[in-house]
Structures are given as structure tokens and as C-alpha cells.
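As a plain string of letters, each chain reads:
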Amino acid sequence: MRRIYYLAAALFLLGFLALPIDHAVSANFVEPGDLAWKIEGDLRTLFLLSEAFAHGTGVLVIVIAMAVLDRRHRNLFYVPLLTALGGGMMANILKVSLLARIRPHAFDFTKSNWESFYAALPLFNSAAWPHLGQHDYQGCPSAHSATAAALAVALTSIYPHGRWLFVGLSLLAGFQRVLVGAHFPSDVIWGWSVGTAFAAVILDHNRLIRWTNAWVRRVRRVWGVTKSAEK
């Protein structure tokens, strides 16, 4: 998992490097510009469908397919499920607790890129309170990208031979968020960083498996005591 930690750190830094291109790239798809019109037909459909790899419903379908088709790893279905959903949840927590940013489709591109960041520590900043819970003001980081990255790491831990497929799907899902004007490029990259870091933490040294097994044993112990008391 050391490489995954390094990857998360590299993505975090890459997000800052992407800030200078945020305005130009996202404006192209929102307005739209020349590049936007070239992404049409089957290519656009491919990007749009890739959202399934970054959405809770899509994650659930993937996990069900894994449980049905791979009997050897069927008992590990919860690993990609909890990892992916947890990564997305972590990104959502950061949206309302760290830095608030307007989504491209709701942003006025006559303003500078820096004005898309409208409040720091939104939960404790009264200027941000009117917009808490509003979808258009929850742009950074991308929860979809975090979900996709966490899912890719979790699936790679089970199916290492498919790592490039999972990475590719995560990249497609991230580009889809830019294509539809839901996020700036830096939001997507930081989302990948959050999802990757979250997955590394809970999967390192089989932490998730050990925590889950301990929880199951505890439930069984309580259930056994309850059944004995009933008898």
C-alpha cells in the first residue's frame, strides 16, 4: 500500500498544478467551446456511462456481479462496497467542512477562477451557511471521483491483474464530471486523492477485513447471549 499512499500524495499536489487550467477547461464545456463539440456520439456516450463506476448504484451493481460471478472472492464483496462508499462520503464531508467551491455549471466565468472558492471552513463560516446543502455550491472535492478511485484501489487489491482496467474506468469517470460541468479539473484530481488515501488507510494491513471480522464476532457473541437468555 506504500505506493498507494505515494499516489494519493502526488494527486493532491497535482490538484494545485491543475488550478491554472481550471477556468479555461471548464468554461469550454459549460459554454460550450470548440473541444466540447468534438466530444459527441459514441465517445460522449462512453464518458457519460462511465459515471456508473463512480456512483453508489453503479458500485452496488459491480459488487453484486462480483458476488455472483466470482465464488472464490464472494465473501469479500463488502471490501469494494464499503471502500468506495466510504471514499465518496469522505469527499462529501470535506465539501462542507474544509473549502466550499461553486460548480462550473453554476459559476460566472466572467469572474476569475479564484472566485469559485467562496468560503473556507463552511460549517463555521456564516457567509457559507445560506448555501450549505445546495448542490451547486458543493464542488470541491469531487465525491464521484473519490468513489471511483477508492473502488479502483479496492478492486485492484482483489484482482491485481485488472488494475489498469480499474484505473482507466476511474479516469473516464473523472473526465465525465468535467464534461458535464459538475466539477473543475482540480476538483476531480483532489477527489481521486481523497478516495485513494481513504482506500489505502482502511485496506492497509487488511484493516477493513480485520475490523469487519471483529464486528461480526461481536454481533454473533451478543446474538448468542440473547438467544441463551431467551431459552
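Above this note sits the structure.
Heads up: these notes are all about the structure in this document. (Residues numbered from 1 in each chain as written. Predicted model: local features only at pLDDT ≥ 70, side-chain atom pairs only at ≥ 80, totals over all residues. Heavy atoms only, no water.)

**Observations concerning the overall build of the protein**
Applied cut-off: Only DSSP runs of H or I covering at least 4 residues are called helices, and only runs of E covering at least 2 are called strands; the numbering of each starts at the N terminus. For the exposure calls, accessible area comes from a 1.4 Å probe over protein chains only, and a residue counts as buried if that area is under 20% of its type's maximum, exposed if over 50%, partly exposed in between. The contact criterion used throughout is that any non-hydrogen atoms of two residues lie within 4.5 Å. Areas reported as accessible are Shrake-Rupley estimates using a 1.4 Å probe. Residue values count occlusion only from the protein chains shown. When charges are counted, Lys and Arg are positive and Asp and Glu negative, with His and the chain ends excluded. We put the charge of a Lys on NZ, of an Arg on CZ, of an Asp on CG and of a Glu on CD.
The secondary structure content of the protein amounts to 9 helices and 2 strands. Burial status across the protein gives 44% buried among its 231 residues. Taking all contacts inside the protein whose residues are at least 6 apart in sequence as the whole, residues at least 24 apart take part in 75%. Accessible surface computed for the protein: about 12,800 Å², of which carbon and sulfur atoms make up 66%. For the protein, the distance from the average position of its 21 positive side-chain charges to the average position of its 13 negative side-chain charges is 20 Å.

**Comments concerning a nonpolar patch on the surface**
Test applied: For patches, a residue must show more than 30% relative accessible area and have no salt bridge; joins then use 9 Å for like charges and 5 Å for nonpolar side chains, namely Val, Leu, Ile, Met, Phe, Trp and Tyr. The term salt bridge refers to a pairing of a side-chain nitrogen on Lys or Arg with a carboxyl oxygen on Asp or Glu at a separation within 4 Å.
Side chains of Leu98, Leu121, Leu123, Phe124, Trp129 and Leu132 sit close together on the surface and give an oily, nonpolar patch of about 630 Å² of accessible area. Within the secondary structure layout, Leu132 lies in the loop between β2 (117–120) and α6 (143–158).

**Remarks on the nonpolar core**
Inside soluble globular proteins, nonpolar side chains tend to come together where they are buried. Rules: The set of buried Ala, Val, Leu, Ile, Met, Phe, Trp, Tyr and Cys residues whose side-chain atoms join them within 4.5 Å is what this entry labels a nonpolar core.
Among the nonpolar cores identified, the biggest contains 26 residues, and Phe53, Val79 and Leu203 are the most heavily contacted of them. Considering each element in turn, this core owes the most residues, 8 residues, to α6. Once residues within four sequence positions are removed from consideration, Val79 is found in contact with Ala154, Ile158, Leu203, Leu208 and Ile209.

**Notes on the environment of Pro185**
On the secondary structure map, Pro185 appears in helix α8 (residues 185–203). A sequence separation of 99 residues divides Pro185 from Gly86, and the C-alpha atoms of the two residues are 22 Å apart. Sequence-distant contacts of Pro185, that is, excluding residues within four places in its chain, are made with Asp22, Val25, Ser26 and Val178.

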